[in-house]
There are 2 protein chains.
Amino acid sequence: MVTLKDIANLCNVSVATVSRALNGQSDVNSNTAKRIRRLAQEMGYYPNAAARALKTNRSYNIGILYEDEIHHEYFSLLIDRIRTTAEQKGYDITFLSKSKQTAYYEHAKYRGLDGVIILQATFESPEVMQLAGSDLPCVAIDYQYTCCPCVISDHHSSIDQLVRHAYERGYRKIAFVHGQPGYITDQRVNGFYKTCCSLGLNVPEGYVQAAFYHEPQSNAEATKRLLALPDPPSCILYPDDYSCLGAFTQLEKAGLSIPDDIGIIGYDGIMLSTVIRPRLTTYKQDVQKKGEMAVVLLISQIEAPGVRPKDECVVVSGQLVPGGTLRPLPT
Amino acid sequence: MVTLKDIANLCNVSVATVSRALNGQSDVNSNTAKRIRRLAQEMGYYPNAAARALKTNRSYNIGILYEDEIHHEYFSLLIDRIRTTAEQKGYDITFLSKSKQTAYYEHAKYRGLDGVIILQATFESPEVMQLAGSDLPCVAIDYQYTCCPCVISDHHSSIDQLVRHAYERGYRKIAFVHGQPGYITDQRVNGFYKTCCSLGLNVPEGYVQAAFYHEPQSNAEATKRLLALPDPPSCILYPDDYSCLGAFTQLEKAGLSIPDDIGIIGYDGIMLSTVIRPRLTTYKQDVQKKGEMAVVLLISQIEAPGVRPKDECVVVSGQLVPGGTLRPLPT
DNA sequence: AAAAGAACTGTAAACGTTTGCAAGTCCATG
DNA sequence: CATGGACTTGCAAACGTTTACAGTTCTTTT
């Protein structure tokens, strides 16, 4: 391994000078600097992250908290985006885990992480709250803490748009199947009721059904329950695109045709929604932006602590993607 | 931050003793050790990974090389499994990237990674080969280097099983759509020809078509080309489950019904294959095992260098999953 | 009772950086 | 020609560990 010392010896300068030259400090003669940099290059020098971190208390490494083992394309995309954005800014990504012995916070401290993005977790659990409320810079995605900034989707408005979209296309009996309770679900359910109300739509008992995210089976069952109602809906919103697969099979079994007998609406706008037939009407989240914003928010906290308010909340809007699972606009 | 020194002061012992006690070394009085450990616990001590890595040259951190931005459930699952297995063994996972400035190898060295799992990459590119051939412990997944161990699926035998499975169900005109060229594809195509040959099946010109992995569109086009042949196939194997979605729409457009007019076969056995109707006949890879083996192979290299041969190759078998996209066995 | 070993603990160097401080050289200013 | 500043460089300490070596005490062996 080539160290600063080796370069210093060959250049007949001190380690300090080499360090300064390689870090682009201005207070070193430009010729010397050039010579040092050239030699470093030739010798195949690269710094030692551990030594640097030890000395500076900065690791240029950020953690991702991701608890579940659900394999949602949305999360893959998000992680990927976070990774590439972070890399561009000179940071690496390490997964943050909670082993039996160490809590998240300790683990992050142990690794010397500069900050953590809380991507997917039981947000209200003690370990996660400890982390979010700690001195470590954090950013939450799709959950709102008072103690750290967050990036959230426009859950409220997106549902509003979807419901109105269905309404314009003549659907009046609109039902909503939601995922497991939590911040996101609450937002969406609220949005649903509010919009129905403002459109003068009645939401009969049983029109709001519980299922799980990313699980066609439970959504198929919710669909079954909806169809068994005395006055079944003519349009159903689902928690995500993938879950619509359960709806498709269930509706087919019931002999209902999409979109004439019943309209269905997904959420997320993952690739799947564009390749199934009919193409799914859905709401495409701007995953790219969410990932980028999370990184930006985190790094700005890391590099300029105190500049941003702890409760800053960036709302990232998505876009309604019309598909073939709703009737076209009446002419 | 609590350091060894702090504990040493409070316990009236030297830093060395504290270090030994906390590392469970035997040569420290058990009472002293107990006292030290208790106090360390109370004070909320956790070691400093950077300092430790600097001194020992071990980071307990392994890298994952993952170039593409394709979001395949298979890769999510694999990464997840690698992560959990590694964590169990006390290692963390960091993504390895290649920025403009540093190659993979340098990046890995810079971060002091103990080893790297090459998950998805342009295996033959100079940067990746440099890494694989270096002093750094590496394990490749689904590619065979001579310079580092690997974990691969039974691509050859799986295709054999699938073709025979179709054959038994009366299909005789079997075609194969494959993904982009490379190690995996080569293995599978070889397997296909070999099995057809041994079954006495003719493989007419055009029965082997090129498409891309995880891309319904190109697979739809390949399907179209197959159907336009003078003697079109009665059964088609696709590169993966997801790509079959393209086949479904294309076949529907052509007015062919599955599985009576035409049989189709996927690959991977991701969740999708179980929720589409008809349920897909496919080959389920043992992702769990692949992930685990990769970690095991890597860690054994890290912890006992030279014990395993550099060209060790673990083949992980999957399992054929019969579905409804092939006719049942003739009675 | 002396010698030898076992058990325990401390000293100090080392890992590769960064950085505050001081010192040196050189040039322009007065 | 003395003074002061700009520019460049080196010295040395520090970051938090681990570990070889040596020293001390205590027990066992002869």
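In short, a report on the structure.

Basis of the calculations
- Residues numbered from 1 in each chain as written.
- Chains lettered and ligands numbered in written order.
- Predicted model: local features only at pLDDT ≥ 70, side-chain atom pairs only at ≥ 80, totals over all residues.
- Heavy atoms only, no water.
- Contact = heavy atoms within 4.5 Å.
- Buried area = accessible area lost by both parts, 1.4 Å probe.
- Salt bridge = Lys/Arg side-chain N within 4 Å of Asp/Glu carboxyl O.
- Polar contact = N/O pair within 3.5 Å; in protein donor to acceptor, adjacent residues only side chain to side chain.
- Helix = DSSP H or I, 4+ residues; strand = E, 2+ residues; numbered from the N terminus.
- Nonpolar A, V, L, I, M, F, W, Y, C, P; charged D, E, K, R; others polar.
- Core = buried A, V, L, I, M, F, W, Y, C linked by side-chain atoms within 4.5 Å.
- Buried < 20%, exposed > 50% of the residue type's maximum accessible area, 1.4 Å probe, protein only.
- Pairing = 2+ DSSP bridges.
- Axes fitted to C-alpha atoms, helices over the stretch in contact; angles between N-to-C directions.
- Least-squares fit on C-alpha atoms with pLDDT ≥ 70 in both.

1. Quick notes on the interface of chain A and chain B
Counting from both sides, the interface comprises 44 residues of chain A and, opposite them, 44 residues of chain B. For the chain A and chain B pair, buried surface summed over both sides reaches about 4,300 Å², with 58% attributable to carbon and sulfur atoms. Of all residues in chain A, H71, F95 and Y110 of chain A give up the largest surface area on contact with chain B, accounting jointly for 17% of the area buried on that side. Here chain A and chain B share two salt bridges between them. Salt-bridge contacts for R111 of chain B lead to D92 of chain A; the nearest nitrogen and oxygen are separated by 2.7 Å. Between the two partners, chain A and chain B, sit 20 residue pairs in polar contact (both at pLDDT 80 or more). Secondary structure elements with two or more residues in the side of chain A that touches chain B: α4 (49-56), β1 (61-66), α5 (73-88), β2 (92-96), α6 (104-111), α11 (244-253) and α12 (272-275) of chain A. Among the elements that take part in the side of chain A that touches chain B, α5 of chain A stands out by supplying eight residues, more than any other. Grouping the constituent residues of the side of chain A that touches chain B by class yields 21 nonpolar, eleven polar and twelve charged.

2. Considerations on the nonpolar core
By size, the foremost hydrophobic cluster in this structure holds 52 residues, and its most contacted members are I82 and L119 of chain A together with I82 and L119 of chain B. Beyond its immediate stretch of four places on either side in the chain, L119 of chain B contacts I64, L65, Y66, F75, L78, I79, I82 and I141 of chain B. With 46 residues, the next largest nonpolar core counts Y242 of chain A together with A222, L229 and I270 of chain B among its residues.

3. Digging into the sheet that holds strand β7 (residues 208-210) of chain B
Residues and elements named next belong to chain B. Pairing is parallel across the open sheet formed by four strands, whose spatial order is β7-β6-β8-β9. Single-partner strands in this sheet number two, and they are β7 and β9 (263-265). Shown here is a sheet whose adjacent strand axes are inclined to one another by a mean of 20°, direction ignored. Sheet contacts for helix α9 (residues 183-198): β6 (174-178) and β7; angle to β6, the most-contacted strand, approximately 175°. Here helix α10 (residues 216-227) sits on the sheet in contact with β6, β7 and β8 (235-237), set at roughly 145° to β7.

4. With respect to the relation of the copies chain A and chain B
Of the two same-sequence chains, chain A is brought onto chain B (RMSD 0.1 Å, axial shift 0.0 Å) by a rotation of 180°. The two molecules are tied by a two-fold rotation axis, judged by turn and shift. Interface overlap between copies: 100% of the residues of chain A at the interface are likewise at the interface in chain B, consistent with a symmetric, same-surface contact.

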